[in-house]
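# Coordinate inspection notes
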Amino acid sequence: AYGQEVAQIIEAVNVMDRKDRTIKTLTKEECMFAYRSSNFKTIWLHRFVIVSLEFRLERQQSIDHFGQGKYSRKQVLWRLRDKGEGFSLTTIRNAVLEIRGEKSMILCEDDP
């Protein structure tokens, strides 16, 4: 929703193997992450317990891939243009939250 999927920044997954109760580290390639899918949902179903994740984050994130999710690039970019804001993951996130709020898609304490 904010211009990227978590699978894009996962480097490794630390798991406990239920078969032999050992801790293992699986690479993102081994996990075969795809949109709402991975080996954890298919061939490894019920085999592993995810203990932790290792992420690779960048200080300056590119938004070249933005707009491939639920909210159209055009919808969010218009919002940012109208506000005169630059393009960063933070401003994109805020624009998406505003759009969701207008559609009553988020919980808000002051919303009756």
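These numbers were taken from a predicted model, which means no experiment stands behind them. (Residues numbered from 1 in each chain as written. Predicted model: local features only at pLDDT ≥ 70, side-chain atom pairs only at ≥ 80, totals over all residues. Heavy atoms only, no water.)

## Considering the packing of aromatic side chains
Across all of its chains, the model carries 3 aromatic pairs by this definition. Centre to centre, the rings of Phe 40 and Trp 44 are 5.3 Å apart; their planes meet at 65 degrees, and the pair counts as edge-to-face. Note on Trp 44: relative accessible area 13%, which makes it buried. Between the aromatic rings of Trp 44 and Phe 48, the centroid separation amounts to 5.2 Å while the plane-to-plane angle is 85 degrees, which identifies the pairing as edge-to-face. Grouped by ring-pair contacts, the aromatic residues Phe 40, Trp 44 and Phe 48 constitute a single cluster. (Phe/Tyr/Trp six-rings, centres within 6.5 Å; stacked < 30°, edge-to-face > 60°. Buried < 20%, exposed > 50% of the residue type's maximum accessible area, 1.4 Å probe, protein only.)

## What about the nonpolar core?
Judged by nonpolar contacts, Ile 10, Val 13, Val 15, Leu 26, Cys 31, Phe 40, Trp 44 and Phe 48 together constitute the single largest core of 8 residues. Ranked by residue count, the leading element in this core is strand S1 (residues 10-17), at 3 residues. Not counting chain neighbours up to four residues away, the residues in contact with Phe 40 comprise Val 13, Val 15, Leu 26, Cys 31, Phe 33, Leu 45, Phe 48 and Ile 50. (Core = buried A, V, L, I, M, F, W, Y, C linked by side-chain atoms within 4.5 Å. Helix = DSSP H or I, 4+ residues; strand = E, 2+ residues; numbered from the N terminus. Contact = heavy atoms within 4.5 Å.)

## Looking at the sheet that holds strand S3 (residues 48-55)
What the 3 strands build is an open sheet, ordered S2-S1-S3; its pairing is antiparallel. Only two strands of the sheet have a single neighbouring strand rather than two, namely strand S2 (22-27) and S3. Strand-to-strand, the axes of this sheet are offset by a mean angle of 25 degrees, without reference to chain direction. Taken together, the 6 bridges between S1 and S2 define a ladder with antiparallel strand orientation. Within S2, the residue paired with Met 16 across the bridge is Ile 23. (Pairing = 2+ DSSP bridges. Axes fitted to C-alpha atoms, helices over the stretch in contact; angles between N-to-C directions.)

## Let's talk about the confidence of the model for the chain
Of all residues in the chain, 70% attain a pLDDT of 70 or more, and the chain-wide mean is 79. When mean pLDDT is compared element by element in the chain, S2 scores highest at 97, while helix H2 (residues 73-83) scores lowest at 68. (pLDDT = per-residue confidence, 0-100.)

## As for the pattern of salt bridges
If you walk through the whole model with that rule in mind, you get 5 salt bridges. Between Lys 28 and Glu 11 there is a salt bridge, with the nearest N and O atoms lying 3.3 Å from each other. A residue pair is termed long-range when its members are at least 10 positions apart, and Lys 28 in helix H1 (residues 28-31) and Glu 11 in strand S1 qualify at 17 residues. What makes Glu 11 partly exposed here is its relative accessible area of 26%. (Salt bridge = Lys/Arg side-chain N within 4 Å of Asp/Glu carboxyl O.)

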